[in-house]
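These are the residues of each chain, in order.
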Amino acid sequence: MFLRPLLDLLFPPLCHACKGAIPVAGADSVPPRPLICAGCLGKISFLESPLCTLCGAPFATDRGSDHLCGACLAHPPFHTCRSAAVLEGPLQDLIHRFKYGGKMHLADPLGVLTFQRVEQFLRQAGADCVVPVPLHRKRLRQRGYNQSQLLAEVLGKKLKVPQVVGNLRRLRWTEPQTGLDAGDRVTNVKDAFGVGEPKALAGKRVLLVDDVFTTGSTLGACVDALREAEVAAVAAVTVARGIPH
Ligand SMILES: [Zn+2]
Ligand SMILES: [Zn+2]
C-alpha cells in the first residue's frame, strides 16, 4: 500500500490507450485504477442519461430522465441492458487490441471502467451469477481466450458473485456479425445458443457479459436461451455500444 506512491513516482503508470505516463497525483492514482489517462478518458463518449430504462439505448436529446424507447414500449424485452460508452475513439482501439491483438491484460482496465460507469445498474440488477457470451470452440481455439469471459471475471469479482462458464453454449458455428445488417444478424445467431444444464441456472438472476453491443442480436439470442432455462431475470452489460450513424 505505502509502496504504491513511491513506485508510481519512480515508474509512472502508463496509459493503456496512448502509452503516456499518468501523473501520480491524478485521480487515476487512487484504486481502482483503470489506468487510462485523463486525456484519453476525455475522448471517450460515455453513455449518460437519458437512456431507455430497459435496453439502455441513448436518446438524441441530452435532457430529461430515463424512459422507455419506442421499441421497448412496443415489445418490452425480457432483459435490461447497459453499456459504458460508445464504440469509437480510444475505447474502440482498446477493445480491438483486447479482442484481436492478444492483449488479454486489457480485460482489467476495460472491466474496471465498465464497472465504474454502470455500477448503479449492476447493483440494482442484484445478479446471482455472471455469465459471459460464449465463443464457439473453433473461435476459442483461434483466439486462445474468450474476451467476454475475461471481462465477466473482472465484473464478477467486483460484485462478489460467481461466474458460470460453459453452461451457456454456442450450439453451432456462426459467421462473424460484422458486415451483416440488423435483420441478417438476428437470423445468423438465431438458436445459436443453448443452456447445457438448465437446472443450474433456473430461478437465478443472471448478469450476461459481452464486449460490444451492436444491434443486440447476439445478446438477444443468449437471452432466449437463458429464458428457456427459466432464469428469473437477465441484465446484460457490455463495455461499448455501437451507435448507428
Ligand atoms: Zn492516454
Ligand atoms: Zn429500449
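Scoring rules and cut-offs
- Residues numbered from 1 in each chain as written.
- Chains lettered and ligands numbered in written order.
- Predicted model: local features only at pLDDT ≥ 70, side-chain atom pairs only at ≥ 80, totals over all residues.
- Heavy atoms only, no water.
- Donors = N, O, S within 2.8 Å, 3.2 Å for Na, K, Ca; no water.
- Tetrahedral: all angles 85-135°; square planar, octahedral: opposite > 155°, others 65-115°.
- Buried < 20%, exposed > 50% of the residue type's maximum accessible area, 1.4 Å probe, protein only.
- 1 Å grid on protein atoms, 1.4 Å probe; cavity = no way out; pocket = protein on both sides within 12 Å on 5 of 7 lines; lining within 4 Å.
- Points joined across faces, edges and corners; volume = space filled by probe spheres on them.
- Helix = DSSP H or I, 4+ residues; strand = E, 2+ residues; numbered from the N terminus.
- Nonpolar A, V, L, I, M, F, W, Y, C, P; charged D, E, K, R; others polar.
- Axes fitted to C-alpha atoms, helices over the stretch in contact; angles between N-to-C directions.
- Parallel < 35°, antiparallel > 145°, perpendicular 65-115°, else oblique.
- Left-handed = near helix turned anticlockwise from the far one by under 90°.
- Contact = heavy atoms within 4.5 Å.

- The protein carries the name ComF family protein in an unreviewed UniProt entry, which gives Geomonas diazotrophica as its organism.

### Some thoughts on the coordination of the zinc ion (ligand 2)
Alright, step 1. Coordination sphere of the zinc ion (ligand 2), protein contribution only: C52 (SG), C55 (SG), C69 (SG) and C72 (SG), at 2.3 Å.
Alright, step 2. Coordination at the zinc ion (ligand 2) comes from four donor atoms whose angles at the metal span 107 to 113 degrees, giving a geometry best classed as tetrahedral.
Alright, step 3. Between consecutive donor residues of the zinc ion (ligand 2), the sequence gaps follow C-x2-C-x13-C-x2-C.
Alright, step 4. Its relative accessible area of 5% is what places C72 among the buried residues.

### Quick look at empty space enclosed by the protein
Alright, step 1. Tallying each qualifying case throughout the model produces one cavity of 30 Å³ or more.
Alright, step 2. Residue lining of the largest cavity: G111, T114, L151, L155, V209, D210, V237, T238 and V239, and that is the complete set.
Alright, step 3. For the lining of the largest cavity, the elements supplying multiple residues, two or more each, are helix 5 (107-125), helix 7 (147-159), strand 5 (205-213) and strand 6 (233-241).
Alright, step 4. Counting residues per element, the lining of the largest cavity draws most heavily on strand 6, which supplies three residues.
Alright, step 5. Residue composition of the lining of the largest cavity, by class: five nonpolar, three polar and one charged.

### Details of the packing of helix 5 against helix 7
Alright, step 1. In the contact formed by helix 5 and helix 7, the axes pass within 9 Å of each other and the chain directions differ by 50 degrees. Between helix 5 and helix 7, the angle is such that the two are oblique. You can see that helix 5 and helix 7 cross each other, and the crossing is right-handed. In contact with A107, D108, L110, G111, V112, F115, L122 and R123 of helix 5, helix 7 contributes L150, L151, V154, L155, K158 and L159.
Alright, step 2. Of the residues belonging to the contact of helix 5 with helix 7, the class tally is 10 nonpolar, one polar and three charged.

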